[in-house]
Amino acid sequence: QSDLDALKKLMRDKDVQIAELKRTIDEGEERLARERDAVKKARDTMYDAQRKMEEAEEMLPRLQAEKEVFSGMVHQLMSQLSKARMDKMMVLKGGDGMSVAEQHAHMQQLLMSAKQHSQQV
């Protein structure tokens, strides 16, 4: 009887150990699944960032070309504006009323104004 009781107790102890091991295994599997999810999420984020970087790099030449075109347009418009101001000054002064030196000084002033404006743009 005492051997049987000892054997039953030993079986109960082993059942407890088995249950603890199963719980440990389940916890380990849950941690492993969480870690796999975190790695997958990090990898997806990395690939997404890399794709966005490549798209941005592909856009750079086009944006640079657009910038140059717009810069040229700004210079052209500033030149047209300067010419229109000069024409207006000539009309207000009565046509030939401006001397060559006055025209030159006025053009210099307009060019400086245009340069300052284009640097701000």
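See the structure shown above.
Residues numbered from 1 in each chain as written. Predicted model: local features only at pLDDT ≥ 70, side-chain atom pairs only at ≥ 80, totals over all residues. Heavy atoms only, no water.

**Overview of the pattern of salt bridges**
Opposite charge on two side chains lets them pair, provided their charged atoms get close.
Working step 1: Summed over all chains, the structure comprises six salt bridges.
Working step 2: The salt bridge partner of Lys9 is Asp13, with a shortest N-O separation of 3.3 Å. With Lys9 and Asp13 both in helix α1 (residues 2–92) and four residues apart, this pair spans about one turn of that helix.
Working step 3: Residue Lys9 is classed as partly exposed on the basis of its relative accessible area, which comes to 44%.
Working step 4: For Asp13, a relative accessible area of 36% puts it in the partly exposed group.
Working step 5: Notably, a salt bridge pairs Arg62 with Glu66, separated by 2.9 Å at the nearest N-O pair. Here Arg62 pairs with Glu66, and both are found in helix α1, just four residues apart, close to one helical turn.
Working step 6: The partly exposed category is assigned to Glu66, whose relative accessible area is 31%.
Working step 7: Ionic contacts of the salt-bridge type, sharing partners, join the residues Asp48, Arg51, Lys52 and Glu55 into one network. (Salt bridge = Lys/Arg side-chain N within 4 Å of Asp/Glu carboxyl O. Helix = DSSP H or I, 4+ residues; strand = E, 2+ residues; numbered from the N terminus. Buried < 20%, exposed > 50% of the residue type's maximum accessible area, 1.4 Å probe, protein only.)

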